[in-house]
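Okay, here's what each chain looks like letter by letter:
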Amino acid sequence: MNIEGSVIMITGASSGIGAATARATFAAGARLVLLARREDRITTLAEELGNALAVRCDVTDRDQVAVAIQQAKDTYGRVDVLVNNAGQGLEAAIEDIAIEDFRDILDLNLVAPLIMMQAVLPLMHAQGAGAIINVSSGVTFYPRPHSGAYNSAKAGLNMLSAVARAELADQGIAVSTMLPFVTATEFTDALKAGSEAARAEPAAAVAHTPERVADRILDLIRSGDERADLVPQRFGGSLAA
């Protein structure tokens, strides 16, 4: 897909990978719809970028998502690309995971992307084309201790994304999966539990920038490839590092 002139909706756009993707796609000529719960941040980002629509939205809430889709349609008439980026982690041993925390992690990292896809697909069907990028995680490549909740949710997203790709490929809609590794963002500080343990994780030493992830997301939008990862080979990925 050609990014220039496309309408790109990004969830979790208030910081980290989401904000970096907004800046990168704007620089490539896209028109943006920025979704996040932190309205002040996406409003500031929209003002920085000049032509973006900022919509406060909890992507786990179907009613709020429907309002956001309608605002995008009213403003631009279409949505060409959805970047499902919103997410949160949790670091805890299996025996210590609070069940309510586990449900929250599943809700945001797995259920919400499905809500977003279901909401945007009618527009893409009407257009006869579209692209969906589901931002998963390279931690799904190996069973790292204390990552059970987050890993389970993102592994589920990997399969959901793959099935969506198979179902939608002949309808002109490309579904791709982006698998970053450890990224230098606020993500660790925002964990539901286990921030200190996550910062001490050896893999943190190979953290990459959110801008690097954003560049790969742009590559996926343009190519429609099935997946891309930024995981070093020694952790099970394709990156020679």
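Look up a bit, the structure's there.
A quick note: this is a predicted structure, and the numbers were derived from the prediction, not measured.

The alternating pattern of strand S3 (residues 53–56) places Leu 53 and Val 55 on a buried face and Ala 54 and Arg 56 on a face that is not buried. In this structure, strand S2 (residues 31–36) lies alongside S3, joined through 4 bridges in parallel fashion. Of the residues in S3, the one forming a bridge with Val 33 is Leu 53. What joins S2 to S3 is helix H2 (residues 39–49), and the crossover it makes is right-handed.

Turning our eyes to something else, we now look at the sheet that holds strand S4 (residues 81–84). The strand order across the open sheet formed by 7 strands is S3-S2-S1-S4-S5-S6-S7, and the pairing between neighbours is parallel. Each of the sheet's edge strands pairs with one partner strand only, and the pair in question is S3 and strand S7 (227–229). On average, adjacent strands in this sheet sit at an angle of 15 degrees to one another, irrespective of strand direction. Helix-sheet contacts for helix H1 (residues 16–27) involve strand S1 (7–11) and S2, and the interaxial angle to S1 is about 170 degrees.

Ile 8, Leu 32, Leu 34, Val 83, Met 178 and Ile 217 are the most contacted members of the largest nonpolar core, which totals 33 residues. For this core, the elements supplying multiple residues, two or more each, are S1, H1, S2, H2, S4, strand S5 (130–135) and helix H7 (210–223). Take this core: its biggest share by element is 6 residues, from H7. If sequence neighbours within four positions are ignored, Leu 34 has contacts with Ile 10, Ala 13, Ala 22, Ile 42, Leu 45, Ala 46, Ala 52, Leu 53, Ala 54 and Val 55. By size, the runner-up hydrophobic cluster in this structure holds 30 residues, among which are Cys 57, Leu 121, Ala 164 and Val 175.

So, on to helix H4 (residues 99–127). Helix length check: H4, at 29 residues, gives a terminal C-alpha distance of 41 Å against a target of 42 Å (1.5 Å per residue), a fit within 8%. Remark: the principal bend of H4, roughly 40 degrees, maps to Asp 107. Along H4, the residues classified as buried are Ile 105, Leu 108, Asn 109, Ala 112, Pro 113, Ile 115, Met 116, Met 117, Val 120, Leu 121, Leu 123 and Met 124. Looking one or two residues beyond H4, the residue adopting positive phi is Gly 128, at roughly 80 degrees.

The next subject is the pattern of salt bridges. Evaluation of the coordinates by the stated rule reveals 5 salt bridges. Salt-bridge contacts for Arg 78 lead to Asp 80; the nearest nitrogen and oxygen are separated by 2.8 Å. Residue classification places Asp 80 among the buried positions, given a relative accessible area of 7%. Note that Glu 91 and Arg 144 form a salt bridge whose closest N and O atoms lie 2.6 Å from each other. Of this pair, Glu 91 sits in the loop between S4 and H4 while Arg 144 sits in the loop between S5 and helix H5 (148–168), and the two are 53 residues apart along the sequence. Here Glu 91 and Arg 144 have matching classes, each one buried.

The rules we used
- Residues numbered from 1 in each chain as written.
- Predicted model: local features only at pLDDT ≥ 70, side-chain atom pairs only at ≥ 80, totals over all residues.
- Heavy atoms only, no water.
- Buried < 20%, exposed > 50% of the residue type's maximum accessible area, 1.4 Å probe, protein only.
- Helix = DSSP H or I, 4+ residues; strand = E, 2+ residues; numbered from the N terminus.
- Pairing = 2+ DSSP bridges.
- Right-handed = clockwise from strand over helix to strand, strands pointing away.
- Axes fitted to C-alpha atoms, helices over the stretch in contact; angles between N-to-C directions.
- Contact = heavy atoms within 4.5 Å.
- Core = buried A, V, L, I, M, F, W, Y, C linked by side-chain atoms within 4.5 Å.
- Expected span 1.5 Å × (residues − 1).
- Bend = angle between axes of the 7 residues up to and from the residue.
- Salt bridge = Lys/Arg side-chain N within 4 Å of Asp/Glu carboxyl O.

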